[in-house]
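Chain and residue survey
Each chain is listed here by its residues.
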Protein chains: 2
Amino acid sequence: MTVTAAKGFEAAGVVAGLKSTGKPDVAVVVNRGPAKVGAAVFTSNRAKANPILWSQQAVSDGVVEAVVLNSGGANCFTGTFGFQTTHQTAEKAAELLGVSSGDILVCSTGLIGTGDEIFRAKVLDGVEKGVAALSADGGAAAASAIMTTDTVSKTAVRERDGWTIGGMAKGAGMLAPGLATMLVVITTDAVLDAADADAHLRHATHVSFDRLDSDGCMSTNDQVTLLASGASGVVPDPEAFRAALTAVCIELAEKLQGDAEGASHDITIEVRHAASESDAVEVGRSVARNNLFKAAIFGNDPNWGRVLAAIGTTQADFDPYEVDVWMNGVRVCTDGGPDAPREDVDLTPRATHVVIDLKSGEATVRILTNDLTHDYVHENSAYSS
Amino acid sequence: MTVTAAKGFEAAGVVAGLKSTGKPDVAVVVNRGPAKVGAAVFTSNRAKANPILWSQQAVSDGVVEAVVLNSGGANCFTGTFGFQTTHQTAEKAAELLGVSSGDILVCSTGLIGTGDEIFRAKVLDGVEKGVAALSADGGAAAASAIMTTDTVSKTAVRERDGWTIGGMAKGAGMLAPGLATMLVVITTDAVLDAADADAHLRHATHVSFDRLDSDGCMSTNDQVTLLASGASGVVPDPEAFRAALTAVCIELAEKLQGDAEGASHDITIEVRHAASESDAVEVGRSVARNNLFKAAIFGNDPNWGRVLAAIGTTQADFDPYEVDVWMNGVRVCTDGGPDAPREDVDLTPRATHVVIDLKSGEATVRILTNDLTHDYVHENSAYSS
């Protein structure tokens, strides 16, 4: 039940006419519990959409009553008018819910530059419909309403001793580093204070969404929000809560990877024995962003030379002539030289596992990415037309 | 006549059997002039091929007698045996030419990991044939022999007051920052000392090949070599020489761009009014490497939102909400908001001009790149099979 799996939340997903397909395009998630704790992390892109600019302010006091999300338009680079649209969206929701507009977060996704009078009118109409449709089992509808080029809605739930965490995510393109083009809302009925919620969320996103790098492109609209209602009455063990939240985030990240635009392989790049975690991330990301490597995987070609060429561009501490590379369990490169023949490697399964052993330390990191395909090019050359 | 346009040079391109097509695959360029000045710049990739490791040492004294180049195998990550192959290549050429092997540069291009006994035997055979075929009008043959996926050979010549510069280049994929997968040899009959040759070459490559970023992938084998024979007897005006050398490098860089694997658009990204040259390069390169932008151009979509999303990931000094963007002469974005409608922009010509005005200073830089196409994916998913 996604964002309504935890007690104290209501949600809705409604049709506001923003999508030309007529599918649901506005979601509302409301915290009805005794506590109104909220935390959020945002895109690190300096080009931030209006909803990001608004939400960063609104969440800063750690109090969040509700989140309004729309697909069908990013409201990014739409000027003062666009910012006013976000402001009016929050005010409209606040008025209908009887709360302060400063406690409403707003998220938008879709084409950059979209945010005119028609967009505004439809979003405001969607808020009205969404609040009217709120229900304690509206999580699935909300998860559908935030989809753009997603082919399936993405949800994850973990139930623990007396408390629950549930989340929804959207995102299929422009998936990259400091978060992806993705909107994520996670709710919990655990009792948390704002500082803990923020710390747990930052930890969980750091090792999940921040390690998903599908196409190297960073969005202007990314937002991951955690709402805690306290409705379970249970104060969770901090370690257990962090572990469960991280599991939800990793599951959602893997679902984003699995539905990435045009992809035919889900590639896990595991960097082993790096001198540091940051070295491991840098090495993994250099491979995840290498178009030649990604095209090779599309072609089921275990081209380890492209792996070494990619990691050679990093500043990480290792010797290229000591590196081993495995692909789907076969060691194709040992000490920077050829090992098993390419014929030994079966890259036909969608799940692809690349291991890069740097032999330089103890850090291990997994970076998630996808291959570069004809369909990726096709979808992204035709997106706005 | 490429590398034999300047006086004092002989060249050859011969069939050594490295290419399965049976086309020429070994080139030799020899300096027969009174001076044996050489300078070279190399890939900044830490994963360097054996010929790079060899040539870096060989050129360090500023004396170069000849360059041997092969296509059909990169001799990269081929271990000690591969390095010995490079060493033997230089020794073979030195013996046949009656010079020191330490004055022979070696360049290789092709698949990484290729460099077994058969490769070695063919290369050595090619050196023998190449030296036997040397002639003062062998430049065109040499330019053909270094081609890999290139569809045309690339050459450029400038004649000035009593001296000449001529060059050849190959490269069509893995074209990126600290040079591309490209091999370039430039010759001149001007009288230069080694320090000047090195300084002129570094300047010229910095503003030409270093600003070509076709697919963001950096090669293990890039090398640009300048040979000066002194055969004209003319000491050139330093500024005039630098300008002519830069013009040759820019022309060759544009020819590499124009023949990039699978590309359907040659995109010039002009960054204007940046606070510094390095800011301008960072901004231009962020766009050149953005797959969503590159796919949009392939689809003839003037998607300026992807330009702003790309430049927002940089650390350059500018305000995203003051940026203007032009595409093929039409201002599609003003002060970070929509301007002319997309219908006004004609992106059907192969030559595409994107201007990004940062309004932050006086620096202007042009970065050359290509679009991301079905053919790029196809060529690079099938390359090694």
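Fair warning: this is a prediction, and the values are worked out from it, not measured in the lab. (Residues numbered from 1 in each chain as written. Chains lettered and ligands numbered in written order. Predicted model: local features only at pLDDT ≥ 70, side-chain atom pairs only at ≥ 80, totals over all residues. Heavy atoms only, no water.)

A few words on the UniProt feature "binding site: substrate" (unreviewed entry) in chain A. Residues and elements named next belong to chain A. UniProt annotation of "binding site: substrate" (unreviewed entry) refers to T148, K170, T181, E261, N380 and S385 when read in the numbering used here. Relative to the helices and strands, K170 is located in strand β7 (residues 164–170). Within the local environment of K170, its side chain forms a polar contact with the side chain of T148, the two groups lying 3.1 Å apart. By the secondary structure assignment, E261 is in the loop between α6 (238–258) and β10 (266–274). Residue classification places E261 among the buried positions, given a relative accessible area of 8%. Side chain to side chain, E261 and T149 meet in a polar contact 2.7 Å long. (UniProt positions renumbered as here; feature names shortened; annotations may be inferred. Helix = DSSP H or I, 4+ residues; strand = E, 2+ residues; numbered from the N terminus. Polar contact = N/O pair within 3.5 Å; in protein donor to acceptor, adjacent residues only side chain to side chain. Buried < 20%, exposed > 50% of the residue type's maximum accessible area, 1.4 Å probe, protein only.)

Screw-axis analysis of chain A against chain B gives a translation of 0.0 Å along the axis, an RMSD of 0.0 Å, and a rotation angle of 180°. Taken together, these values place the two copies in the relation of a two-fold axis. Taking C-alpha positions as the reference, the residue of chain A nearest the rotation axis is H374 of chain A, at 2.6 Å. Most of the interface of chain A is mirrored in chain B, where 100% of its interface residues are also at the interface. (Least-squares fit on C-alpha atoms with pLDDT ≥ 70 in both. Contact = heavy atoms within 4.5 Å.)

Residues and elements named next belong to chain B. With mixed pairing, six strands are arranged side by side in an open sheet as β13-β12-β11-β14-β10-β15. At either end of the open sheet lies a strand with only one pairing partner, and these are β13 (337–338) and β15 (363–370). Two elements, strand β11 (residues 324–327) and strand β12 (residues 330–334), share three bridges in a ladder whose sense is antiparallel. Of the residues in β12, the one forming a bridge with M327 is V330. Helix α6 (residues 238–258) contacts β10 (266–274) and β15 of the sheet and is inclined by roughly 40° relative to β15. Of the strands in this sheet, β10, β14 (351–357) and β15 touch helix α7 (residues 277–288), which is tilted by about 25° from β15. (Pairing = 2+ DSSP bridges. Axes fitted to C-alpha atoms, helices over the stretch in contact; angles between N-to-C directions.)

Moving on to the sheet that holds strand β14 (residues 351–357) of chain A. All names here are of chain A. With mixed pairing, six strands are arranged side by side in an open sheet as β13-β12-β11-β14-β10-β15. On the outer flanks of this sheet lie β13 (337–338) and β15 (363–370), each paired with one strand and no other. The strands that helix α7 (residues 277–288) touches are β10, β14 and β15; relative to β15, the one it contacts most, it runs at about 25°. The strands touched by helix α8 (residues 291–298) within the sheet are β10, β11 (324–327), β14 and β15, with β10 carrying the most contacts at an inclination of about 125°.

Residues and elements named next belong to chain A. Of all six residues making up strand β9 (residues 223–228), six are buried, and the element is well covered by its neighbours. Burial of the side chains of β9 extends over both faces: Q223, T225 and L227 are buried on one face and V224, L226 and A228 on the other. As paired strands, strand β3 (residues 37–42) and β9 are joined by six bridges and run antiparallel to one another. Bridged to A39 within β9 is L226. Of the strand pairs in this sheet, strand β8 (residues 183–188) and β9 are connected by six bridges, and their pairing is parallel. Residue T188 lies in a different strand from β9, and its bridge partner there is A228.

For the rest of this paragraph, the subject is the packing of helix α5 (residues 194–206) of chain A against α6 of chain A. Residues and elements named next belong to chain A. Direction vectors running N to C along α5 and α6 enclose 45°, while the axes themselves pass 9 Å from each other. By the angle between their axes, α5 is oblique relative to α6. Crossing of α5 against α6: the hand is right-handed. Across from A199, H200, L201, H203 and A204 in α5, the residues of α6 making contact are P238, F241, R242, L245, T246 and C249. Looking at side-chain class alone, the contact of α5 with α6 contains seven nonpolar, three polar and one charged residues. (Parallel < 35°, antiparallel > 145°, perpendicular 65-115°, else oblique. Left-handed = near helix turned anticlockwise from the far one by under 90°. Nonpolar A, V, L, I, M, F, W, Y, C, P; charged D, E, K, R; others polar.)

Residue and element names in this part refer to chain A. Examined bridge by bridge, β11 and β14 share four bridges and lie antiparallel to one another. Bridging across to β14, D324 finds its partner in D357. Hairpin geometry of β11 and strand β12 (residues 330–334) is characterised by an intervening segment of two residues between the two adjacent antiparallel strands and by a positive phi of about 45° at N328.

Before going further, it helps to examine the environment of D301 of chain B. All names here are of chain B. Tracing the backbone through its elements, the reader meets D301 in the loop between α8 (291–298) and α9 (304–311). Under the relative-accessibility criterion, D301 is labelled buried at 3%. With 41 residues separating them along the chain, D301 and R342 place their C-alpha atoms 7.5 Å apart.

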